[in-house]
Amino acid sequence: MPEPVFHYLDGGADDEVTLRRNTNAFDEYELLPSQLSDSSVIRTSTTVLGRDVDWPVMIAPTGASRLFHGDGEPAVARAASQFGMFYGLSTLGTTTIEDAAAAAGSTPLMYQLYVFKDRALTEEWLARCEAAGYAALALTVDTPVAGNRERDFVYGFSAPPRSRLRQVASFLRHPGWLARALIRKDLDMVNVTSSEAAAAGLEAGARTYIERELERSLTWDDVEWLRDKWRGKLVIKGVQTVADCRRAADSGVDAVMISNHGGRQLESAPAPVDCIAPIADALRDRLEIICDGGIRRGNHVVKALALGANACSIGRGYLYALAAGGQPGVERALTLLRAEVERTLALLGCNDVKNLGPHYVQRRL
Ligand code: FNR
């Protein structure tokens with residue numbers, strides 16, 4: 001990838017303290033093995049958001065996957081379907097709601113929603129998601145404004161790409177990437193551009209348009225509005241406190257994604273793994289809990305589940321692999337992660353993910 005694109009993927013907000021903490025915080029937890037517990041068969045299948053899955057790891061929604069590899073979202077959705085796991089499509093994805101569903105086949109789908117000022121656009125997406133069989137809708141609530149991603153300024157990342165002298169060489173070293181961006185124009189955020197109103201506004205450039213049109217005045221009333229409109233599972237993505245999760249449960253939400261947007265939004269937000277236990281203690285009977293952020297290893301997944309999460313979600317963990325190797329790359333990453341989860345469960349003496357609980361984990365003494 002051209003350098004600015006890599007740093008857009010890899011980077012976080014401000015000093016990237018939260019970005020680093022998201023992963024490092026897992027080291028503060030230790031796994032407590034229960035020996036001689038028959039690890040001959042390890043079961044990872046469970047139910048997430050009302051759907052049967054082969055393991056409780058989900059593909060987090062990320063914008064513009066075609067920035068990282070020409071095969072984009074469909075490559076990831078096809079890989080997810082090989083692994084029987086949820087696939088999340090972003091509002092800002094470069095693949096339509098329908099094309100992502102076609103690639104995902106029978107794997108369950110979640111559409112990540114950004115609400116735009118033009119509510120007709122949201123209603124259009126909901127109708128299309130329902131028609132395409134999406135199981136869940138995830139409203140992202142941690143993005144009233146864009147985070148301060150300083151690497152984007154340092155390396156000159158913008159969409160569509162704008163040439164900065166110091167970056168020209170980096171783009172020129174990637175002619176395939178440039179050709180896709182400039183000739184095939186397949187970096188369009190096709191769900192947004194498919195509406196006529198948006199297509200006109202987009203002449204100002206995608207980022208300007210999105211920043212102008214994103215609804216910043218969202219409140220819990222809008223969650224209730226969505227609850228009325230959407231019949232599938234409703235997820236709130238980007239909450240971290242017990243108070244917000246209680247509010248979500250009171251608004252009829254089915255699940256929360258404990259997330260700080262992979263350290264890309266509020267700097268100094270806590271690591272998601274540290275938020276699980278208090279939220280699970282207070283609300284596990286009312287909400288499903290998904291831990292999103294920092295997960296790079298199978299033992300991270302096992303720790304999150306033991307602390308009380310029902311599932312985990314990964315962003316960069318599959319994006320690096322997509323960038324490096326397209327669909328086979330994502331499959332390779334998922335194979336490794338899945339093997340690590342199974343190996344960790346076996347070594348822990350827990351032969352079924354459904355039996356994970358707080359007795360398997362402790363905060364480092
Ligand atoms: C994201 N994320 C994100 N979230 C969202 O709700 N809508 C979006 O369009 C995007 N786009 C996006 C792009 C890129 C490049 C990244 C890295 C992330 C956040 C994503 O869904 C998830 O919360 C984080 O990626 C989780 O952290 P890890 O797994 O990357 O550490």
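What comes next is a walk through the structure. What you see is a predicted model; the values in this text were computed from it and never measured.

In this section: the pairing of strand S7 (residues 136–140). Taken across its five residues, S7 has five buried, putting it largely inside the fold. The pairing of strand S6 (residues 109–113) with S7 spans four bridges and is classified as parallel. By the bridge assignment, methionine 110 is partnered in S7 with alanine 136. The parallel pair S6 and S7 is bridged by helix H5 (residues 119–132), and the resulting crossover is right-handed. Bridge count between S7 and strand S8 (residues 233–239): five bridges; the pairing is parallel. Paired with leucine 139 across the strands is isoleucine 236, a residue of S8.

Turning our eyes to something else, we now look at the pattern of salt bridges. All told, the structure shown has 16 salt bridges when counted by the stated rule. The closest approach of N and O atoms between arginine 227 and aspartate 254, which form a salt bridge, is 2.9 Å. With arginine 227 in helix H12 (residues 220–229) and aspartate 254 in the loop between helix H13 (242–250) and strand S9 (255–259), this pair connects stretches of sequence that are 27 residues apart. For glutamate 340, the salt bridge identified is with arginine 297, shortest N-O distance 2.8 Å. Of this pair, glutamate 340 sits in helix H16 (residues 316–348) while arginine 297 sits in the loop between strand S10 (288–292) and helix H15 (298–307), and the two are 43 residues apart along the sequence. Within this structure, Asp10, Glu16 and Arg151 form a network of salt bridges that share partners.

It is worth spelling out the side chain of glutamate 16 at this point. By secondary structure assignment, the location of glutamate 16 is in the loop between helix H1 (3–10) and helix H2 (17–24). Those residues in contact with glutamate 16, other than ones at most four positions away along the chain, are Gly11, Arg151 and Glu267.

With respect to the helices and strands, aspartate 142 occurs in the loop between S7 and helix H6 (150–155). No salt bridge is formed by the buried aspartate 142; the nearest opposite charge belongs to lysine 237, separated by 5.1 Å. Within polar-contact distance, the side chain of aspartate 142 engages the side chain of threonine 143 at 2.7 Å. When near neighbours in sequence (up to four residues on either side) are disregarded, aspartate 142 contacts Lys237, Gly238, Ser259, Asn260, His261 and Gln265.

The subject of this paragraph is the nonpolar core. By size, the foremost hydrophobic cluster in this structure holds 99 residues, and its most contacted members are Leu67, Tyr87, Tyr111, Phe116, Tyr134, Leu334 and Leu356. Considering each element in turn, this core owes the most residues, nine residues, to H16. Aside from chain neighbours lying at most four places away, what touches leucine 356 is Val302, Leu305, Ala306, Leu345, Leu348 and Cys350. If you look at the next biggest cluster of nonpolar residues, it comprises 14 residues, including Val48, Met58, Met110 and Ala311.

Before going further, it helps to spend a moment on the site of the ligand. Taken together, 24 residues lie near the ligand, and Pro61, Ser90, Thr140, Asp292 and Arg316 sit nearest. Interatomic distance of 3.0 Å between a side-chain N/O atom of lysine 237 and an oxygen atom of the ligand. Residue glycine 315 places a main-chain N or O atom 2.8 Å away from an oxygen atom belonging to the ligand. Protein contacts shield 98% of the accessible area of the ligand, which totals 600 Å² for the unbound molecule. Sorting the residues of the shell around the ligand by element identifies H1 and H16 as the ones contributing at least two each. Here the shell around the ligand is built from residues that sort into eight nonpolar, 11 polar and five charged.

Of all 10 residues making up H15, nine are buried, and the element is well covered by its neighbours. Every buried residue of H15 is accounted for by Gly298, His300, Val301, Val302, Lys303, Ala304, Leu305, Ala306 and Leu307. The positive-phi residue at the C-terminal boundary of H15 is glycine 308, with phi of around 130°.

Orientation of helix H4 (residues 97–104) relative to H5, taken along the N-to-C sense of each, is 20°, at an axis distance of 10 Å. One finds that H4 runs roughly parallel with respect to H5. Both H4 and H5 take part in a crossing whose hand is right-handed. In this structure, H4 contributes Ile97, Glu98 and Ala101 to the contact, and H5 contributes Trp125, Arg128, Cys129 and Ala132.

Let us now look at the pairing of strand S11 (residues 311–314). Judged by which residues are buried, S11 turns out to be covered on both faces: Ala311 and Ser313 on one side and Cys312 and Ile314 on the other are all buried. Looking at chain direction, strand S4 (residues 57–59) and S11 are connected through three bridges and run parallel. Within S11, the residue paired with isoleucine 59 across the bridge is isoleucine 314. Pairing of S10 with S11 involves three bridges; the strand directions are parallel. Residue aspartate 292 lies in a different strand from S11, and its bridge partner there is serine 313. Handedness of the crossover joining S10 and S11 through H15: right-handed.

Rules behind the numbers
- Residues numbered from 1 in each chain as written.
- Predicted model: local features only at pLDDT ≥ 70, side-chain atom pairs only at ≥ 80, totals over all residues.
- Heavy atoms only, no water.
- Buried < 20%, exposed > 50% of the residue type's maximum accessible area, 1.4 Å probe, protein only.
- Helix = DSSP H or I, 4+ residues; strand = E, 2+ residues; numbered from the N terminus.
- Pairing = 2+ DSSP bridges.
- Right-handed = clockwise from strand over helix to strand, strands pointing away.
- Salt bridge = Lys/Arg side-chain N within 4 Å of Asp/Glu carboxyl O.
- Contact = heavy atoms within 4.5 Å.
- Lys, Arg positive; Asp, Glu negative; His and termini not counted.
- Polar contact = N/O pair within 3.5 Å; in protein donor to acceptor, adjacent residues only side chain to side chain.
- Core = buried A, V, L, I, M, F, W, Y, C linked by side-chain atoms within 4.5 Å.
- Near = heavy atom within 4 Å.
- Areas by Shrake-Rupley, 256 points an atom, 1.4 Å probe, with all protein chains shown as cover.
- Nonpolar A, V, L, I, M, F, W, Y, C, P; charged D, E, K, R; others polar.
- Axes fitted to C-alpha atoms, helices over the stretch in contact; angles between N-to-C directions.
- Parallel < 35°, antiparallel > 145°, perpendicular 65-115°, else oblique.
- Left-handed = near helix turned anticlockwise from the far one by under 90°.

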